[in-house]
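# Structural overview
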Amino acid sequence: MEQHIVKLTDAENQLADLLQAAGAADAKAALTEHGLPHRRIEEYHYTDLRTLLRDVPAELAKANDDLPSEQFNGFSRVVIVNGKLVHADAIDGVEIKSVDVAKKVGDDQIINLMDGFAQSQIEISISKSLNKPIHIAQVHAGADSVAASKLKVTSADGVEATIIETFEGQNDRGLRFADCAMDVAANSNLLHLQLDQNATGARQFVQNCYDLHEKANLRTFVTHANFQLGRTDVKAEFKGEGAHADFAGLTLLMDKQHGDFTLNVNHAVPNTTSTESFKSIVRDRAKAIFQGKIIVAPDAQKTDAQMMSQGLLLSERAEVLVKPELEIFADDVLCAHGATCGELDADALFYLMSRGIPRAEAESMLIKAFLAELFDEIEDEQIHAKLENRVDAWLAATE
Amino acid sequence: MAAVKETIDQVKEIDVDKYKYGFKTDIEMDMAPKGLNEDIVRFISAKKDEPEWMLEWRLEAFRRWQQMEEPSWARVNYPKIDFQDLYYYAAPKSTPGPKSLDEVDPELLETYKKLGIPLSEQAVLAGVEGARVAVDAVFDSVSVVTTFKDELAKAGVIFCSISEAVKEHPELVKKYLGSVVPTSDNFYATLNAAVFSDGSFVYIPKGVRCPMELSTYFRINEEKTGQFERTLIIADEGSYVSYLEGCTAPMRDENQLHAAVVELVTLDDAEIKYSTVQNWYPGDKDGKGGIYNFVTKRGDCRGKNSKISWTQVETGSAITWKYPSCILRGDNSQGEFYSIAISNGHQQVDSGTKMIHLGKNTSSRIISKGISAGVSQNTYRGQVSAHAKATGARNFTQCDSLLIGDRCGAHTVPYIESRNASAVFEHEATTSKISDDQMFYCQQRGLNEEEAVALIVNGFVREVLQHLPMEFMAESQKLIGISLEGSVG
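Analysis parameters
Residues numbered from 1 in each chain as written. Chains lettered and ligands numbered in written order. Predicted model: local features only at pLDDT ≥ 70, side-chain atom pairs only at ≥ 80, totals over all residues. Heavy atoms only, no water. Core = buried A, V, L, I, M, F, W, Y, C linked by side-chain atoms within 4.5 Å. Buried < 20%, exposed > 50% of the residue type's maximum accessible area, 1.4 Å probe, protein only. Contact = heavy atoms within 4.5 Å. Patch = residues over 30% accessible without salt bridge, like charges linked within 9 Å, V, L, I, M, F, W, Y side chains within 5 Å. Areas by Shrake-Rupley, 256 points an atom, 1.4 Å probe, with all protein chains shown as cover. Salt bridge = Lys/Arg side-chain N within 4 Å of Asp/Glu carboxyl O. Lys, Arg positive; Asp, Glu negative; His and termini not counted. Charge placed at Lys NZ, Arg CZ, Asp CG, Glu CD. Helix = DSSP H or I, 4+ residues; strand = E, 2+ residues; numbered from the N terminus. Pairing = 2+ DSSP bridges. Buried area = accessible area lost by both parts, 1.4 Å probe. Phe/Tyr/Trp six-rings, centres within 6.5 Å; stacked < 30°, edge-to-face > 60°. Lys NZ or Arg CZ within 6 Å of the ring centre and 35° of its normal. Polar contact = N/O pair within 3.5 Å; in protein donor to acceptor, adjacent residues only side chain to side chain. 1 Å grid on protein atoms, 1.4 Å probe; cavity = no way out; pocket = protein on both sides within 12 Å on 5 of 7 lines; lining within 4 Å. Points joined across faces, edges and corners; volume = space filled by probe spheres on them.

The next point concerns the nonpolar core. Ile126(A), Leu212(A), Phe247(A) and Leu214(B) are the most contacted members of the largest nonpolar core, which has 100 residues in total. Setting aside residues up to four positions removed in sequence, Leu212(A) forms contacts with Val184(A), Leu218(A), Ala236(A), Glu237(A), Phe238(A), Lys239(A), Gly240(A), Ala243(A), His244(A) and Ala245(A). One finds Leu59(B), Ala61(B), Val195(B) and Leu257(B) within the second-largest nonpolar core, a separate group that totals 33 residues.

Right, let's get into a positive patch on the surface. Taken together, the side chains of Lys256(A), Arg285(A), Arg317(A), Lys360(B) and Lys389(B) present a region of like positive charge at the surface. Inspection of the secondary structure puts Lys360(B) in the loop between strand S19 (354–357) and strand S20 (363–372). Overall, Lys360(B) belongs to the partly exposed group, its relative accessible area being 41%.

What follows deals with helix H4 (residues 109–117) of chain A. Of all nine residues in H4(A), nine are buried; the element is thus mostly enclosed. Along H4(A), the residues classified as buried are Gln109(A), Ile110(A), Ile111(A), Asn112(A), Leu113(A), Met114(A), Asp115(A), Gly116(A) and Phe117(A).

Looking now at the pairing of strand S2 (residues 84–88) of chain A. Residue and element names in this part refer to chain A. Inspection of the sheet shows strand S1 (residues 76–81) paired to S2 by four bridges, in the antiparallel sense. Residue Val 79 lies in a different strand from S2, and its bridge partner there is His 87. Here S1 hands over to S2 after two residues, with Asn 82 in that stretch at a positive phi of 50°.

Before going further, it helps to spend a moment on the interface of chain B and chain A. A common measure of how large an interface is: the accessible area buried when the components associate. Taken together, the contacts link 33 residues of chain B with 33 residues of chain A. Interface area for chain B against chain A, summed over the two sides, is near 2700 Å², with a carbon-plus-sulfur share of 48%. On inspection of chain B and its partner chain A, the count reaches two salt bridges. Residue Arg419(B) is joined to Glu319(A) by a salt bridge in which the shortest nitrogen-to-oxygen separation is 2.9 Å.

Attention now goes to the packing of aromatic side chains. Going through the model one piece at a time under the given rule, you end up with 27 aromatic pairs over all chains. Through a chain of ring-to-ring contacts, the aromatic side chains of Phe62(B), Trp65(B), Trp73(B), Tyr78(B), Phe83(B), Phe187(B), Tyr188(B), Tyr292(B), Phe294(B), Trp321(B) and Tyr323(B) assemble into a single cluster. Directly above the ring of Phe72(A) sits Lys386(A), whose terminal nitrogen or CZ lies 4.1 Å from the centroid. In this structure, Arg58(B) packs its charged tip against the face of Phe196(B), placed 4.2 Å from the ring centre.

All names here are of chain B. A positive phi is found at Asp 49, a non-glycine position, where the angle reads about 60°. Backbone geometry at Asn 361 places phi at a positive 50°, although glycine is not the residue there. Residue placement: Asn 361 occurs in the loop between S19 and S20. The exposure class of Asn 361 is partly exposed, given its relative accessible area of 46%.

Another point: helix H5 (residues 346–354) of chain A. Measuring from the backbone nitrogen of Asp347(A) back to the side-chain oxygen at the start of H5(A) gives 3.2 Å, which picks out Asp345(A) as the cap. Directly beyond the C-terminal end of H5(A), a positive phi value near 90° is found at Gly356(A).

In this section: empty space enclosed by the protein. Residue and element names in this part refer to chain B. In the structure shown here, the tally under the stated rule is seven cavities of 30 Å³ or more. Estimates place the volume of the largest cavity at around 120 Å³. The wall of the largest cavity is formed by 20 residues, among which Ser 368, Gly 370, Asn 378, Thr 379 and Tyr 380 lie closest to the centre. Counting residues per element, the ones that place at least two in the lining of the largest cavity are strand S17 (334–343), strand S18 (348–351), S20, strand S21 (377–386), strand S22 (394–403) and strand S23 (409–418). With five residues, S20 is the single largest residue contributor to the lining of the largest cavity.

Set out below in structure tokens:
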């Protein structure tokens, strides 16, 4: 039986009022009944939002036309500010429009908040292969506020496309939600990246849902680095045989940052394959969480799923909390998961230092080597360079 | 090859009757009234002639239990248990406290003979030359006999039933009982604290290496009876003991409840090796009947350089809910968990371990092999955590699952929590089926399908079997063969 929360926290009351203001009465009712997810709810075991989300902005984000700073040369550009579509380049074969949101209420209160606060859904349909990536700048502008965006991407049969989202914001104690649903059509090939560039105090909740159809190919890459509290929920379902997906994530956290990757990959049909590869580096008192679940449905024979999560702890009080789950109902499958965590290898460090490399430099060499394979998969030079710069900046900030 | 031959013989042997321990013993029983309330707790305590403090301890637990809810997080499904529809105490009627084997009801001796458990001190386990094992035999709610007591006493080892220990060694019981698994630890442990009827108590004094293996043999016989045994093993500084546990029950249509608590304590430089072969009645082929095995087992490496090692072979029970754990409190302490969990038919297993690293330079190792066949569900659920002060903690975990047939499930739910940078944790898990290549290779060399499966499975679990004491190894190999019988195709 669901445990009823006796008393709502101030933050929960505040969110309930904001939901009311956003016209989401059902989500409000659900929140007042259940409260925010807490550690007794298995999906939020390590991210207890009743304690982590104690203060909530007092108002909803207003419409704003501020344009973002992040630029990618030669990419098509779409700008979403506070959940509202404010700019979209004309792209051959791509239709972009904004529609009303049909609000639904489910068991997960965070998803309810996401839906409750979203005022419109931006739909991007890709009908032919793109010769340049689409950059979607998701901006949270204005004073401390609550914002939510909802994105739906559909691809036509056989399409190839790269979509890179950047989450930007100057708003220091902001709370943002971003929902992205992608329908990866048969034979299509999509690459989806999400880079977070929030202000240091921001709180962010992201949900990415993917439906994979016959022989579809999907690659995703998400970073967790710039926020106070962040959670990305990935939900993927294989709906057609022969589909393949690679999920990857990079976590770089310090101070008291808290980052949570929760992954649910459902191999519902036979002959599908996936890899999951997540790396975290934490220092100070930061916490990196990875919960990955691979489900192989009955009759989903010949599934091959390989999950790996690796954590590197650079400070005494940093934490890496990992839960890699397998749920398997078919016998002719190959499933494996591995998880490691530890500090930098003292022998390797000694080896480098004995050759005259200063400690800090030796450490960053080893850290980069630890991350190298994650970046190998990303072919676009501009994105590749941006990611490497980010790692350099993070390392510089922590020296 | 020898082991395989044995397995196959065993499979043939049980062709007609799959679960060979399914007989029941007709013996006059002394029962408590059905149901559970404070009076039943008092009744059990009075039956055991317990001191006041023990009764208070039980009542406290019972009051807490009434406030608790049955846990629902495990991946097992069963109809709600009516805790008022059970007998909480059942003991064979006999002369009070048999002094020697001659005074024990012959019907009981016959039962243990059928089970292959030597209660006579001259007897040795079949096939193992020269091995002597002291046995504490628990029949429903009471310990009927403990063998080799005198010889053990010479070494200073205390091995007796827990009810006896409450009376004879209250200072030890008071000090350690509930110190590893607190009374209100979880729903079933609390229930156990309130109504536990018997179990074994072991104390190994400083510097003593226990001269023989100790073992407990649990037998549930009576209908609608819950068995709630409590085992407490204390290894004082520098001592060592190896302890074996076996269990069986008759075949009955309804489900029976077994909720035990096992507490282990090792002080400085001490070691406990605890091995279990769990072969409760698993229910029939339609999933009717069988034991609900809801067990809390935990070891506390309290002293530095101490070690606790759990080895388990789980083949029985309709439902298993069991997580033998180690709290690595002492510096340099070690925890080990070796497990083979086999589920067939409609069995549901949710088992694993917890390794809680608290002290410095503690290490742990987990090897878990799950085999699911039929329409069973087999879950490994484990936790490895390093506390912020557990500098130099080290864990290696390997959990492999093997699926036989396409209607069963194998699941892995590990929690890995590192709160110390110098802790090094490694975890690997794989799931696979017996490959056609392996089968082809074996069959091409003249083995039939069932023999080939037995060979491959024995290879799969070898790593764990090696950690079992001699006496159990042979038995376990046979059990694996039996459990998987009829699972091919």
